[in-house]
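# Residue-level structural notes
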Amino acid sequence: ASVYDFFGAHQAGITTPVQDHLHFASFDMMARTGRDDLVALLQDWTYAASRMTQGLEVSATGAVGGSPEAPPDDTGEAQGLAASGLTITFGFGPTLFELDGVDRYGIAAQRPVGLVKLPSFLGDDLQPDESGGDLFVQACADDPQVAVHAVRNLSRIAFGRARLRWSQLGFGRTSRTTASQATPRNLFGFKDGTANILASDSAALDEHVWVASSDDPVWMAGGSYLVARKIAMLIETWDRVRLSEQDAIIGRDKGEGAPLSGGDEFTDPDFTATDASGAAAIPATSHVRLAHPEFNDGLRILRRGYNYVDGNNDLGRLDAGLFFLSYQRSPEQFVRLQRALSTDVMNEYIRHVGSGVWAVPPGVQPGSFVGAGLFA
Ligand code: HEM
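Since we're looking at a predicted model, the values are computed, not measured.

### Focus: the overall build of the chain
Helices and strands together make up the secondary structure of the chain, namely 8 helices and 9 strands. In terms of overall dimensions, the chain is globule-like: its C-alpha atoms have a radius of gyration of 21 Å, near the 21 Å expected for 376 residues. Along the three orthogonal principal directions, the C-alpha set of the chain runs to about 75 × 45 × 40 Å. Residue burial in the chain is summarised as follows: out of 376 residues, 44% are buried. Expressed as a percentage of contacts within the chain between residues at least 6 apart in sequence, the contacts between residues at least 24 apart total 73%.

### Here we look at the packing of helix α1 (residues 35-52) against helix α3 (residues 144-157)
Close contact between α1 and α3 brings their axes to 10 Å; oriented N to C, the two are set at 155°. Our classification of the angle between α1 and α3 gives roughly antiparallel. In the packing of α1 onto α3, the handedness of the crossing is right-handed. Of the residues in α3, those in contact with Asp44, Trp45, Ala48 and Met52 of α1 are Ala150, Asn153, Leu154 and Ile157. The class makeup of the residues in the contact of α1 with α3 is 6 nonpolar, 1 polar and 1 charged.

### Quick notes on the domain arrangement of the chain
Bring the parts together and some accessible area is lost; that lost area is often taken as the interface size. Partitioning the chain into structural domains gives domain 1 (1-93 + 132-173) and domain 2 (182-362). Of the residues lining the interface, 22 residues belong to domain 1; the matching set on domain 2 comes to 22 residues. Going through the elements one at a time, β1 (21-29), β2 (87-92) and β4 (162-173) are the ones with two or more residues in the side of domain 1 that touches domain 2. It is β4 that provides the largest number of residues to the side of domain 1 that touches domain 2, a total of 6 residues.

### A short note on helix α6 (residues 243-250)
Within the span of α6, buried status applies to Asp247, Ala248, Ile249 and Ile250. Residues of α6 that are buried sit in contact with α7 (287-291). A positive backbone phi angle near 95° is found at Gly251, which sits one or two residues after α6.

### Quick notes on unusual backbone geometry
For the peptide bond that leads from Asp216 to Pro217, omega is -15°, which places it in the cis range. Phi at Arg32 takes a positive value of approximately 60°, unusual for a residue other than glycine. Assignment of secondary structure puts Arg32 in the loop between β1 and α1. Located in the positive-phi region is Asp100, a residue other than glycine, with phi close to 50°. As for its position among the elements, Asp100 is in the loop between α2 (94-97) and β3 (135-141).

### With respect to the site of the ligand
Neighbouring residues of the ligand: 27 residues in total, closest Phe190, Thr194, Ala195, Ala291 and Leu337. Sorting the residues of the shell around the ligand by element identifies β5 (224-233), α7, β8 (318-328) and α8 (331-340) as the ones contributing at least two each. Residue composition of the shell around the ligand, by class: 16 nonpolar, 7 polar and 4 charged.

### Here's the deal with the UniProt feature "domain: Dyp-type peroxidase N-terminal" (unreviewed entry) in the chain
As annotated by UniProt and renumbered to match this structure, "domain: Dyp-type peroxidase N-terminal" (unreviewed entry) occupies residues 11-171. The span residues 11-171 is 22% helical and 20% strand by assignment, and the distance between its end C-alpha atoms comes to 21 Å.

### Thoughts on the pairing of β4
The pairing of β1 with β4 spans 9 bridges and is classified as antiparallel. Residue pairing in the sheet places Ala25 in a bridge with Ser167 of β4. Two elements, β4 and strand β7 (residues 306-312), share 2 bridges in a ladder whose sense is antiparallel. Paired with Phe171 across the strands is Asn307, a residue of β7.

### Some points on the UniProt feature "domain: Dyp-type peroxidase C-terminal" (unreviewed entry) in the chain
Those residues carrying the UniProt feature "domain: Dyp-type peroxidase C-terminal" (unreviewed entry) are residues 183-364 in this numbering. What you have in residues 183-364 is 19% helix and 23% strand, and the ends, taken at the C-alpha atoms, are 30 Å apart.

### Examining the nonpolar core
Counting 84 residues, the largest nonpolar core has Leu86, Val137, Ala139, Ala147, Ala150 and Leu226 as the members making the most contacts within it. It is α1 that provides the largest number of residues to this core, a total of 7 residues. For this core, the domains that each give at least three residues are domain 1 (1-93 + 132-173) and domain 2 (182-362). The residues contacting Leu86, other than those within four sequence positions of it, are Met52, Thr53, Ala139, Ala141, Val146, Ala147 and Ala150.

### Focus: α3
With 14 residues, α3 ought to run about 20 Å at 1.5 Å a step, and its terminal C-alpha atoms sit 20 Å apart, in line with that. Three or more residues of α3 are buried, namely Val146, Ala147, Val148, His149, Ala150, Val151, Asn153 and Leu154.

### With respect to the environment of Thr61
Assignment of secondary structure puts Thr61 in the loop between α1 and β2. Residues Thr61 and Asp74, 13 residues apart in the sequence, show an inter-C-alpha distance of 8.2 Å. If near-sequence neighbours (up to four positions away) are discounted, Thr61 is found in contact with Gly66 and Asp73.

What counts and what doesn't
Residues numbered from 1 in each chain as written. Predicted model: local features only at pLDDT ≥ 70, side-chain atom pairs only at ≥ 80, totals over all residues. Helix = DSSP H or I, 4+ residues; strand = E, 2+ residues; numbered from the N terminus. Rg over C-alpha atoms; globule rule 2.2 N^0.38 Å. Buried ≥ 20, exposed ≤ 12 C-beta atoms within 10 Å, placed from the backbone. Contact = placed C-beta atoms within 7 Å. Axes fitted to C-alpha atoms, helices over the stretch in contact; angles between N-to-C directions. Parallel < 35°, antiparallel > 145°, perpendicular 65-115°, else oblique. Left-handed = near helix turned anticlockwise from the far one by under 90°. Nonpolar A, V, L, I, M, F, W, Y, C, P; charged D, E, K, R; others polar. Domains from an automatic or database assignment. Near = placed C-beta within 6 Å. UniProt positions renumbered as here; feature names shortened; annotations may be inferred. Pairing = 2+ DSSP bridges. Core = buried A, V, L, I, M, F, W, Y, C linked by C-beta atoms within 7 Å. Expected span 1.5 Å × (residues − 1).

In structure tokens:
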């Protein structure tokens, strides 16, 4: 069973081998809270996260070791369960720095210039109650109960200071961050994560994922930016599309995940290759071509999304899709890629319904707390 360090140069949960389950939560600070409340919350969250990720209860007394006359420190449902590879990752949304022109926590001057609400994109159908938030918590684990336990306890610890704005459960990771992980599949049935940035590729991580010490602001050095997009899939429509058309929409074949220009899953796509009729083997409108670095000035992102099914809607259709998560050195990388995807034929089968962007501070040193540099 895996146990990952909570402390380190970068926060865990970004390049960590992608776990099987996700509980993602967005929080808003409560009215009449001040800088001291925010700092105390981050300290309390850090302490609890540093314990839970090691398979421990949130405090030494835990679920049953405290006074019978008081509510327990830990909610208890993870008793007897291992750490299950739990990682907990934290970050700060644009509204934490400034809300309706008010600098609630004295940090507006520290806001990274690029940390602003994402622009609207063609076809967006965003729901405010599944978007934004002052703070995010991403809990990933190989046991869903362990991930839910983490968010539930952090939410309880936040009582009176921050409250849950929205949250999302995910299963079946849709990416990989190490070469030893087999590429999983999204709910369209395609392998997802083939061309992702891997944890072993430190040059690519430094160029595309980690904020450099030469980037502004200084407190973000070693951090990253997270974009979340809840992307609903029109599953029933997709399921009536011919296989060859599905392949053409993605630009890879459904069985192997090989580019339509030939080879196997890990063969580089050849965008100059043509088929028997002389047409481009990988259509110009395919997802892989539109998202490929070659057509985007070398832009890359680290994808870490999950599948979701939130039951069904009134029409008896699955309420399902991809909870897209990407980490990048600047939110601009996502913005440019998403704009490049505006002509993606896949757009007929998806709807972006939730959105958020957060600054992800660097890793925590023992004795300190997450985001401490922001308050230095
Ligand atoms: C590649 C599916 C949304 C960026 C891929 C691949 C699939 C896929 C099957 C090919 C395998 C791979 O390399 O991982 C989907 C689905 C989406 C979605 C089903 C929505 C429901 C997005 C969004 C972005 C994005 C919103 C960014 C704005 C990329 C990138 C690649 C990729 C950068 C790698 C391209 C390359 O280097 O070849 N996606 N994707 N995808 N996707 Fe998506």
